[in-house]
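Each chain is listed here by its residues.
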Amino acid sequence: MKGTGLMKLPVYEREVLRCALMSSKPFSPAVVRSWVLIKHEAGRQVLKSLESKELIRRIGGSQERSYAFLITEKAVALLHRIE
């Protein structure tokens, strides 16, 4: 069986995307940390990685600070893909 792109993501990134999809509203870095039970710096790295892969997008804040994120259509498609 051929693996999906979702399975190539690290486990924390997959879980953040799943939780974000179920939430269906903007989520903050603090919420992400509570979803996957990780510390501040690890949460930042997960969010940066997902944002660089265009699986989440920043809303509000600035280049230095992020207040909230939304899951992108690319991530939704990845979560729903069956191979």
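Worth saying up front: this structure is predicted, and the values here are computed from it rather than measured.

*Asks:* I tried to follow the nonpolar core on my own but got confused; where do I start?
*Replies:* Side chains that are nonpolar tend, in soluble globular proteins, to be buried together. Grouped together as the largest cluster of nonpolar side chains are 20 residues, with contacts concentrated most on Leu 17, Phe 27, Leu 50, Leu 55, Ile 56 and Ile 71. Only helix 1 (11-23), helix 2 (29-36), helix 3 (40-52), strand 2 (68-71) and helix 4 (73-80) provide two or more residues apiece to this core. Per element, the largest residue contribution to this core is 4 residues, and it comes from helix 4. In this structure, Leu 17 is in contact with Leu 9, Leu 50, Leu 55, Ile 56, Ile 71, Ala 75 and Leu 79, ignoring residues within four places of it in sequence.

*Asks:* Please clarify how the pattern of salt bridges should be interpreted in this entry.
*Replies:* Close approach of charged atoms lets side chains of opposite charge pair. Under the definition given, this model contains 4 salt bridges. In this structure, Glu 13 engages Lys 53 in a salt bridge whose closest nitrogen and oxygen atoms are separated by 2.7 Å. Of the two residues, Glu 13 is situated in helix 1 and Lys 53 in the loop between helix 3 and strand 1 (56-59); the sequence distance between them amounts to 40 residues. Taking the relative accessible area as the measure of exposure, Glu 13 reaches 5% and is therefore buried. Here Lys 53 falls in the partly exposed class, since its relative accessible area comes to 30%.

*Asks:* When you look at the side chain of Glu 13 in this model, what are you seeing that I'm missing?
*Replies:* In terms of polar contacts, Glu 13 uses its side chain to reach the side chain of Lys 53, at 2.7 Å. Setting aside anything within four residues of it in sequence, one finds Glu 13 in contact with Val 46, Ser 49, Leu 50 and Lys 53.

Procedures and definitions
- Residues numbered from 1 in each chain as written.
- Predicted model: local features only at pLDDT ≥ 70, side-chain atom pairs only at ≥ 80, totals over all residues.
- Heavy atoms only, no water.
- Core = buried A, V, L, I, M, F, W, Y, C linked by side-chain atoms within 4.5 Å.
- Buried < 20%, exposed > 50% of the residue type's maximum accessible area, 1.4 Å probe, protein only.
- Helix = DSSP H or I, 4+ residues; strand = E, 2+ residues; numbered from the N terminus.
- Contact = heavy atoms within 4.5 Å.
- Salt bridge = Lys/Arg side-chain N within 4 Å of Asp/Glu carboxyl O.
- Polar contact = N/O pair within 3.5 Å; in protein donor to acceptor, adjacent residues only side chain to side chain.

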